Amino acid sequence: MTVTATDKTARTSADKTGARTDEAAGVITGARERVDALDDRIIGLVQERMAVSAVIQDARIASGGRRVNLSREMEILDHYREALGKPGTALAMTLLELCRGRV
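## Focus on the overall build of the chain
Item 1. Tallying secondary structure elements over the chain gives four helices and zero strands in all.
Item 2. In the chain, the succession of helices and strands from N to C terminus is α-α-α-α.
Item 3. Across the 103 residues in the chain, those meeting the buried criterion constitute 15%.
Item 4. Within the chain, contacts between residues separated by at least 24 positions form 32% of all contacts whose residues are at least 6 apart in sequence.
Item 5. When the accessible area of the chain is evaluated, it comes to approximately 8,000 Å², of which 58% is carbon and sulfur surface.

## Quick notes on the packing of helix H3 (residues 70–84) against helix H4 (residues 86–99)
Item 1. Contact pair H3 / H4: the axes reach a minimum separation of 7 Å and the direction vectors enclose 145 degrees. Of the two possible hands of crossing, H3 and H4 adopt the one that is right-handed. Touching Glu-73, Ile-76, Leu-77, Tyr-80, Arg-81 and Leu-84 of H3 are Lys-86, Pro-87, Gly-88, Thr-89, Leu-91, Ala-92, Met-93, Leu-95 and Leu-96, all from H4.
Item 2. Residues that form the contact of H3 with H4 fall into these classes: 10 nonpolar, two polar and three charged.

## What to know about the layout of surface pockets
Rolled over the atoms, a probe with the dimensions of a water molecule shows which regions are left empty.
Item 1. By volume, the largest pocket is sized at about 280 Å³.
Item 2. Looking at the largest pocket, it is lined by 15 residues, and the ones nearest its centre are Arg-49, Ser-53, Ile-56, Arg-72 and Ile-76.
Item 3. The leading source of residues in the lining of the largest pocket is helix H2 (residues 22–62), at six residues.
Item 4. Taken together, the residues that form the lining of the largest pocket break down as six nonpolar, three polar and six charged.

## Looking at a negative patch on the surface
Item 1. A surface patch of negative charge is lined by Glu-33, Asp-36, Asp-39 and Asp-40.
Item 2. Checked against the element boundaries, Asp-36 lands in helix H2.

## Here's the deal with the pattern of salt bridges
Item 1. What the rule picks out here adds up to three salt bridges.
Item 2. Between Arg-100 and Glu-73 there is a salt bridge; the shortest N-O distance is 2.6 Å. Of this pair, Arg-100 sits in the segment after H4 while Glu-73 sits in helix H3, and the two are 27 residues apart along the sequence.
Item 3. The exposure class of Arg-100 is buried, given its relative accessible area of 19%.

## Side note on the confidence of the model for the chain
Item 1. Overall, the predicted model of the chain reaches an average pLDDT of 89, with 84% of residues at or above 70.
Item 2. For the chain, per-element mean pLDDT is lowest for helix H1 (residues 5–17), which scores 63, and highest for H3, which scores 98.

## With respect to the packing of H2 against H4
Item 1. Two elements in contact, H2 and H4, have axes separated by 9 Å at closest approach and are oriented at 55 degrees. On the basis of the axis angle, H2 is oblique to H4. In this structure, H2 meets H4 at a crossing whose hand is right-handed. Between H2 and H4, the contacting residues are Val-46, Arg-49, Met-50, Ser-53 and Gln-57 on the first element and Leu-95, Leu-96, Leu-98 and Cys-99 on the second.
Item 2. Residues that form the contact of H2 with H4 fall into these classes: six nonpolar, two polar and one charged.

What counts and how
- Residues numbered from 1 in each chain as written.
- Predicted model: local features only at pLDDT ≥ 70, side-chain atom pairs only at ≥ 80, totals over all residues.
- Heavy atoms only, no water.
- Helix = DSSP H or I, 4+ residues; strand = E, 2+ residues; numbered from the N terminus.
- Buried < 20%, exposed > 50% of the residue type's maximum accessible area, 1.4 Å probe, protein only.
- Contact = heavy atoms within 4.5 Å.
- Areas by Shrake-Rupley, 256 points an atom, 1.4 Å probe, with all protein chains shown as cover.
- Axes fitted to C-alpha atoms, helices over the stretch in contact; angles between N-to-C directions.
- Left-handed = near helix turned anticlockwise from the far one by under 90°.
- Nonpolar A, V, L, I, M, F, W, Y, C, P; charged D, E, K, R; others polar.
- 1 Å grid on protein atoms, 1.4 Å probe; cavity = no way out; pocket = protein on both sides within 12 Å on 5 of 7 lines; lining within 4 Å.
- Points joined across faces, edges and corners; volume = space filled by probe spheres on them.
- Patch = residues over 30% accessible without salt bridge, like charges linked within 9 Å, V, L, I, M, F, W, Y side chains within 5 Å.
- Salt bridge = Lys/Arg side-chain N within 4 Å of Asp/Glu carboxyl O.
- Lys, Arg positive; Asp, Glu negative; His and termini not counted.
- Charge placed at Lys NZ, Arg CZ, Asp CG, Glu CD.
- pLDDT = per-residue confidence, 0-100.
- Parallel < 35°, antiparallel > 145°, perpendicular 65-115°, else oblique.

If you want it as structure tokens, here you go:
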């Protein structure tokens with residue numbers, strides 16, 4: 001049995017995607033590109049959120065307040081939990097940790 005270049009390409013696509021057909025491999029590849037683009041946007045938004053949080057913290061500290069407002073953090077945790085369920089709480093905790101400037 002001779003293996004052609006097309007066979008090797010299909011096998012490589014299937015190996016990379018876990019798909020069993022070229023059509024599925026194409027769908028998966030396209031969707032992964034979209035996920036990668038979304039991840040880049042999410043990272044950019046998180047970085048923007050971190051910068052805005054730093055402004056808020058600086059203003060609060062300059063006015064004599066504390067760096068962290070726990071009641072506001074509870075509102076954020078509730079918001080994420082309501083929108084995304086229990087995993088949303090973990091996501092919000094990670095965002096809050098990033099935005100506290102302690103990472």
